[in-house]
Amino acid sequence: MLPWNLVSLFQWKLRLRMQLCSVHSQMQSQQTIPTSIYEKVTEESMEDLLSKFLNDSRSPYHLCLEAEKILSQNGFQHADNIQQNLEPGSKTSFIRHGKSLFAINNQDEGAFAVFVASTRQPGMRLQNSPCEGKLLPLRTDGVGIWHTFVDRDLRVAGKLGEKLVDTIDPVAYIPSLAIHYDTTLRCTPNFNPGKLKAEIGDINVNTFFNNLGGSCFDKMDLSFVDAEQPGIIGDFIAASGLSVVGHAFCALNTFIKHKNFSTILALIDPEDIQESTDFILSMIESSRRSFNIDVAMASSIVYSFDPPNTKQPLYPTTEGVVPGRTIITASGGTSHQSLGSLVHQSLGMKGKHFGFPVMAEGSARETAILQDIRQLICFFEEDPLDPIP
C-alpha cells in the first residue's frame with residue numbers, strides 16, 4: 001500500500017490534468033477557426049472542400065477544371081486568349097494546354113501580387129506501349145518515394161487523345177514480391193522504378209484503352225495514382241498528391257480572398273515553366289498599357305506555394321538553369337529548385353516562399369495537419385503587397 005503522501009501526489013496530478021484538459025476543451029470550443037473563402041459560396045467546411053478538391057484533381061487537367069469552376073463561382077470570366085484589353089476591374093481566367101491555369105484580378109494600375117503553385121503531382125506515368133499483353137510500362141514523374149506505389153490499388157487520371165480520363169475506381173496495381181523475397185524494393189540504389197509495370201487484371205492492353213474511351217495509339221498523358229479517397233482523422237488529412245494539390249488549393253483560396261487588390265494566380269505544370277512565365281508577363285503587359293511596365297514589375301512580388309522541403313527537377317531556361325535553393329536528398333545530394341524560385345527569377349520580381357509541412361512527401365499517399373493548411377490560407381489577411389519579413 002502506498003504512503004499517504006504519494007497517494008495525495010497522484011490524486012493532485014490527476015486533478016490538475018483533468019483541469020488542464022477542461023480548460024483546453026473550452027478554449028478549442030471558443031476558438032474561431034479560420035475557414036475558406038469558398039464557404040461564402042458553398043457553405044461547406046474547409047475540410048470538405050479540400051477533400052473534394054483533392055479527390056477531383058488527380059491530374060493537372062482535372063485540377064485546372066476544378067479551379068476554374070471555383071473561379072467562375074466567384075465572378076471570374078473565362079477567356080481563350082490574352083489579346084483582349086484587361087481593363088481595371090476585370091476578373092479573367094485562362095487555361096493553357098489544358099494543364100496550366102492563370103487568372104487575373106485587375107483592380108488598379110499598380111503592382112501585382114502573383115500566387116504560384118504547381119499542378120502536377122508525383123506519380124507513375126504511363127509510357128506509350130504496344131497494344132498487347134497485360135502489363136503497362138511506367139516511368140516516374142517528378143521526385144517521389146516510388147516503392148510506396150507498389151502493391152496498392154491505383155486509378156488512372158489524365159488525358160487520352162482529346163478526352164479527359166479519371167477512372168475513380170481502381171483499375172491497376174504494381175505487383176511486387178514480399179519484402180523478404182525481393183530485397184530490390186527497399187530504399188537502396190538497387191530499386192529501379194523505371195522498370196516497374198502495372199497489371200490491369202484479366203483484360204489486355206487494347207481492351208484497357210478501349211474502356212478508357214480511346215486507343216493505345218492515341219497521344220496520352222496518363223498517371224497511376226492512389227485510388228483511395230482522401231481521409232481525415234482528427235486534425236490530420238491523408239491523400240494522394242497533397243503536397244501539390246493542397247498547395248494549389250491554398251494559392252487559389254488566397255487569390256480569391258484578395259478581391260480588392262491586383263493579383264494574379266498561376267497554377268503551372270512544371271513542364272511548361274518557361275512558356276508559363278512568358279504568359280504571366282503578357283498578362284501584366286496587357287493590363288498595364290497606360291502604366292510603366294518596369295515600375296509595375298519592380299513593385300510586384302511572387303508568392304510560391306509548395307512544401308518547405310519541396311524537391312523538383314531542374315527545369316532549363318533559355319539562359320541555362322536558374323540558380324535556386326539547393327536541397328540535399330536521400331539519394332545523394334542532388335540540387336533541386338522550387339517552382340516559385342524559377343518563376344520569380346525568370347520574371348525579375350521579388351519572391352517569397354510559403355508552404356505547410358507534408359509528411360512522407362512524394363509518396364503515394366501524403367499526410368498533413370489541417371491547422372497548418374488553415375493558417376497558410378489565412379496568413380495573407382492584409383495587403384499582399386506589404387513587405388513580409
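Residues numbered from 1 in each chain as written. Predicted model: local features only at pLDDT ≥ 70, side-chain atom pairs only at ≥ 80, totals over all residues. Heavy atoms only, no water.

Scanning the protein chain from N- to C-terminus turns up 10 helices and 16 strands. Looking at the protein chain as a whole, 48% of its 389 residues are labelled buried. In the protein chain, 73% of the contacts between residues at least 6 apart in sequence involve partners at least 24 apart. Carbon together with sulfur atoms contributes 54% to the accessible area of the protein chain, which is approximately 18800 Å² in total. (Helix = DSSP H or I, 4+ residues; strand = E, 2+ residues; numbered from the N terminus. Buried < 20%, exposed > 50% of the residue type's maximum accessible area, 1.4 Å probe, protein only. Contact = heavy atoms within 4.5 Å. Areas by Shrake-Rupley, 256 points an atom, 1.4 Å probe, with all protein chains shown as cover.)

Quick look at the sheet that holds strand β16 (residues 366–369) now. Across a sheet, paired strands are connected by hydrogen bonds in the backbone, their directions being either parallel or antiparallel. Strand order in the open sheet made by the three strands is β11-β12-β16, with antiparallel pairing throughout. Only two strands of the sheet have a single neighbouring strand rather than two, namely β11 (231–233) and β16. If you compare each strand with its neighbour and ignore which way they point, the axes differ by 20° on average. Contacting β12 (236–239) and β16, helix α6 (residues 242–257) runs over the sheet at an angle of about 40° to β16. The strands touched by helix α10 (residues 370–377) within the sheet are β11, β12 and β16, with β16 carrying the most contacts at an inclination of about 65°. (Pairing = 2+ DSSP bridges. Axes fitted to C-alpha atoms, helices over the stretch in contact; angles between N-to-C directions.)

Turning to the pattern of salt bridges, a few remarks are in order. What the rule picks out here adds up to 20 salt bridges. Note that Asp-56 is salt-bridged to Lys-52, the shortest N-O span being 2.9 Å. Within this pair, Asp-56 and its partner Lys-52 are both found in helix α3 (residues 46–56), separated by four residues, close to a single helical turn. Look at Asp-56 and you get partly exposed, because its relative accessible area is 22%. A residue is classified by how much of its surface remains accessible, and Lys-52, at 43% relative accessible area, is partly exposed. Among the charged side chains, a network of salt bridges with common partners joins Lys-99, Arg-120, Arg-125, Asp-141, Asp-221, Asp-269, Glu-271 and Asp-272. (Salt bridge = Lys/Arg side-chain N within 4 Å of Asp/Glu carboxyl O.)

Geometric descriptors of this kind do not, in isolation, establish any biological role.
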